[in-house]
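Structural overview for review
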Amino acid sequence: MDALLCAENLVKQYSSGKIAGVRGTVRALDGVSLTIESGARLAIVGASGSGKSTLALCLACVEKPDSGLLRFENRDLSQVPSRELRGIRPQIQLVFQDSASAFNPRFTVQQVLEEPWILQKKLTARERRDEAERLLLRVGLPATFLSRMTLEMSGGQRQRLAVARALALGPKVLILDEALSALDYSVQAQIANLLMDATDAAIPIAERPAVVLITHDFAMAARFANEIVVMERGRIVERGPTKKIVEAPEHSQTRELLACAPARAFGAPDRAAF
Amino acid sequence: MRYLARRLAHALLLLGGASVLAFLFTALAPGNYFDEMRLNPQISQETVAALKAHYDLDKPLAARYAVWLKSLAHGEMGYSFAYNSPVAPLLWVRVRNTLLLTMTATLLAWCIALPLGVLSAEYSGRWMDRLVTGASAILLVIPDIALALGFLMVVVRTRWLPAGGMVSAGAEGLPIAAQLWDLLRHMFLPVAILVLSAQPLLVRHVRSAVAETLGEGFMRAAEAHGISKKRLLWRYALPAAANPLISLFGFSIGALLSGSLLIEIVTSWPGVGPFLLEAILARDLFVVIGGVLFSTVFLIAGNLIADVLLLWADPRIQTE
Amino acid sequence: MEPLLDVQALNVRYHQQGGGHVFALRDVCLQIGAGEVVGVLGESGSGKSTLAAAMLAILPPNATIDGGAVVWQGTNLLKLTSEEIERLRGNRVSLIFQEPATALHPTMRAGAQIEEVLRAHSNESKEARRQKVQELLELIFADDGQRIGAAYPHQLSGGQRQRIVIAQAIACNPGLLIADEPTASLDPVTQREIIGVLKALRQKRDLAILFVTHSAELLENFADRIVVMYAGRIIEEGGTQEVLRSPKHPYTQAMLNCRPTLERSGAGQSDSRIPVIPGDAPEMSLDFAGCAFESRCGERMKICGERMPQFSESGNGGRVRCFKFGEQESMGR
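Here's what I pulled together on the structure shown here. None of these values were measured; they are calculated from a predicted model. One numbering rule holds for all chains: residues counted from 1, following each sequence as written. As they are written, the chains are lettered A onward and the ligands numbered 1 onward, keeping that order. Local features in a predicted model are, by the rule used here, given only for residues with pLDDT of at least 70; side-chain atom pairs are given and counted only at 80 or more, and totals for whole chains, interfaces and linings are based on all residues. Values shown for side chains rest on all heavy atoms present in the structure; no hydrogens or waters enter the calculation.

Take the packing of aromatic side chains next. Residues and elements named next belong to chain C. Side-chain rings of Phe, Tyr and Trp, where Trp is taken by its six-membered ring, are said to pair if the distance between their centres is within 6.5 Å; with planes under 30 degrees apart they count as stacked, over 60 as edge-to-face, and otherwise as tilted. Inspection of the entire model under this criterion finds 7 aromatic pairs over all chains. For the pair Y230 and F293, a centre-to-centre distance of 5.3 Å together with 85 degrees between the ring planes defines the contact as edge-to-face. Here Y230, found in strand β10 (residues 225–230), pairs with F293, found in the loop between α11 (250–257) and β12 (312–313); they are 63 residues apart in sequence, far enough to count as distant. A 1.4 Å probe rolled over the protein chains alone gives each residue an accessible area, and that area as a share of the maximum for its type sets the label: buried under 20%, exposed over 50%, partly exposed in between. The buried category is assigned to F293, whose relative accessible area is 3%. What links up through ring pairs into an aromatic cluster is the set Y230, Y251 and F293. Under the DSSP-based scheme used, a helix requires at least four consecutive residues in state H or I and a strand at least two consecutive residues in state E, with every element numbered from the N terminus.

What follows is the structure in structure tokens.
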């Protein structure tokens, strides 16, 4: 597995308003370096304000970091001409927590899914419709949803639609920024399962996207990811394979977040070490 | 503070630009004040030429502009040919009268539009809302001048109010209270026309801004805490809807000023309006420029006031 | 003992834009005793938020209440005039919602917003109110109280905002606090803090709490009783430990089974999928002849599709609406 998306020493700060007359700046990212490999399942865990959302925005090329390097397939993205960048951006897709605001409220589900293909000028109308149907089924929504308006769907259905749209162009990297938070357990599970399906080891690496799950739910992160990165106040404080992080955490923030995550099913007997 | 200084600097720049444009357009318009004289066979060409030279009308534009700037520095704002006096004192008297009218109209217009808009939003869809919306639509369709003439006609027929002017003849001798009452009677007509013509725009915006706020989360949360309906409307909804309304307020100051110039002419109110019209027709160059500059100052001041109010009213706005 | 709040056979319907109705609550009966913490557990569409709002008659205009009563200390809240219920809200019974980001007025200082609630319900002088606000801020924020009280909502974090909302809710010392997913948009560390605040308040002020959520772990060391809702009905009820450790209703079992835990971390190799409840949440505009969960239930029987089960005892004072447990006549409670 080779490095697909590489971030080196990213720094980004925002100025915050005055509180009690003192103007402050917030260092959302304070020197973050991260490597995402093809087909990886990575989770970034942290509390609010840890900078994980800012990191997501920088990785997806939505925001430009103040300093630091971002490399995609070994090309320095700050050196790439803007026309080429337009071709690279769709390969890194971002799904947010609140998809409702990401959809044009006047579009039907079919229009939402077909939009990226229309913009990229691929496929005939018939092909688009078939592909849209296939995508819906892939995320577990019935084909009858094609004619529905996005506002008529539940939160979980909308998130699934957002994932479907993100997968429409076959991206190499899929980043989910708290996309599962505040959803019901069974709906979270469905979406997590479909992400696991999309990144199954049986799929050839060329067609397997790397999935980055950004969340504050450690249990979900541990269930889904092979590798976990823990952030605190704009820095990565710990990283490593899931098993190690869960069983032998080193940093205090990791331990604190682990303590807040459900350790076991209710009423399961305590075990010495799991 | 730095923000205000920057805005003032911008304002001055804007004023400078406006003065150049005003000068250019007026000076480039065909004809000048002395054309009438020229056509008069009794006055010799030499006299006309001498007068023109005296008033610098034969010099190039840039030089004339420079002369005007110098006169501005002296507080004179150029020279009126028709009145044979510096422009500034002439203008100042009329500016006072216009301000009296416009400020009163602005205040009254908002005092009426706010409750109407707020109540329309609260009772949206019911009879009160429909009445207000319907009346607004009718007022919107009627041009200001038609409204003015209509009112004038009623007043002339019924003699309830004086049909124009600012003070009645011989009013100076009366006691203060009577003078004030006389002034108010004269003001009623032009102010009423201005207020009515502004209502549709203001009420519509107040209504939509408040209606949008009524659906916000904090309204529901406050309702759950038992805050009374009345307080919810006036202390919660209206202040939260204030931002677009404050901008509209700044704009309305300028708009009411433009409207007032026309209404002054129709109702013979001795403000900047009739003065400006006269000067335009007579090509009294510096009076025209003075009038235009006054309007510009007013417009800029209105927007500046709105910006400052916005900063004060909304703590979320930062002056980066 | 007389319950503090007694919800009797509540039915609520919403009108949809194109005509048609959504049945949000069906025959809901619930009692809360003084100082008791009751958790309402359910997924989205279960009607739990409608229940919370209906208790204070704060439903949206397209909602109709089809019979039933909400009795607070002998008075049916659903029959009160708007002035009467205004006096009760925030005063004897409080309600807090999910989104702290939008629950506070954007241009009013935090402390002033707490004062507004006091002002609405008492005739005290301004100084007395200010004093009370200071006390509340100290109670909820420890030392930082003053500074936070003077701040505007956009200057505060999500957790701080939610604490202000809680301060508003308890300002007049209510007997019952209804909390509708108050921690859903907060991170787990802050969630724990907020639960801690509520626990402390419950102790100090003998406050009864109705906590509506879809996160079972929040209720684990907090609620005395849990009520599980599905498709507008209560389908299981019992002591917290009972319901969480040995859930009776197949839905409750399936739902709790979908929860990822650290112990089950796949760590990549196992690639086993997380258990889900098959199918989708039920369409609430349809009227079910039988059990609403029937189409998704792994243990369905023929009778499940024919009629709605009534409550049966499930041991330890709990009750469950499922044919697996037989039925008993008149579970009047």
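Next, the rest of the story.
Bringing the interface of chain C and chain A into the picture now. We call two residues in contact when some of their heavy atoms are within 4.5 Å. Listed by partner, the interface residues are 40 residues for chain C and 44 residues for chain A. Summed over both partners, the accessible area (1.4 Å probe) lost when two parts come together is defined as the buried area. Summed over both partners, the interface of chain C with chain A comes to about 4,100 Å²; 56% of that surface belongs to carbon and sulfur atoms. Looking at the side of chain C facing chain A, the largest losses of area belong to L262, E263 and R273 of chain C, adding up to 19% of the total buried there. Throughout this description, the term salt bridge denotes a Lys or Arg side-chain nitrogen within 4 Å of a carboxyl oxygen of Asp or Glu. Taken together, the connections running from chain C to chain A amount to 2 salt bridges. A salt bridge links R273 of chain C to D197 of chain A, with the nearest nitrogen and oxygen atoms 2.8 Å apart. Under this definition, polar contacts are N or O atom pairs within 3.5 Å; protein pairs additionally need one hydrogen-donor-capable and one acceptor-capable atom, and for neighbouring residues in sequence, both atoms have to be side-chain atoms. The interface formed by chain C and chain A holds 14 residue pairs in polar contact (both at pLDDT 80 or more) in total. Mapped by element, the contributors of at least two residues to the side of chain C that touches chain A are α8 (188–205), α9 (216–220), α10 (240–245) and α11 of chain C. For this scheme, ten residues count as nonpolar: Ala, Val, Leu, Ile, Met, Phe, Trp, Tyr, Cys and Pro. Four count as charged, namely Asp, Glu, Lys and Arg, and the remainder, Gly too, count as polar. Looking at the side of chain C that touches chain A residue by residue, the class counts come to 16 nonpolar, 10 polar and 14 charged.

A few words now on the environment of G250 of chain B. All names here are of chain B. Looking at where G250 falls in the secondary structure, it is placed in helix α11 (residues 242–266). What makes G250 buried here is its relative accessible area of 2%. Along the primary structure G250 and L174 are separated by 76 residues, whereas in three dimensions their C-alpha atoms are 38 Å apart. Setting aside anything within four residues of it in sequence, one finds G250 in contact with G302, N303 and A306.

Residue and element names in this part refer to chain A. End to end, helix α4 (residues 125–138) covers 20 Å across 14 residues, agreeing with the expected 20 Å (1.5 Å per residue, within 8%). Contacts made by the buried residues of α4 are with α3 (109–120) and α5 (155–167). Directly after α4, the chain includes G140, whose backbone phi takes a positive value near 85 degrees. One less than the number of residues in a helix, times 1.5 Å, gives the span that helix is expected to have.

Let us now look at the nonpolar core. By nonpolar core we mean a set of buried residues, namely Ala, Val, Leu, Ile, Met, Phe, Trp, Tyr and Cys, connected to one another through side-chain atoms within 4.5 Å. Within the largest apolar cluster, 101 residues are counted, with the highest numbers of intra-cluster contacts made by L5, L10, L30, I164, L176 and F211 of chain C. The contact partners of L5 of chain C, leaving out residues within four places of it in the chain, are L30, Q31, I32, M55, V70, V71, W72, L77 and L176 of chain C. Grouped together as the second largest cluster of nonpolar side chains are 55 residues, V95, V163, A168 and L194 of chain A included.

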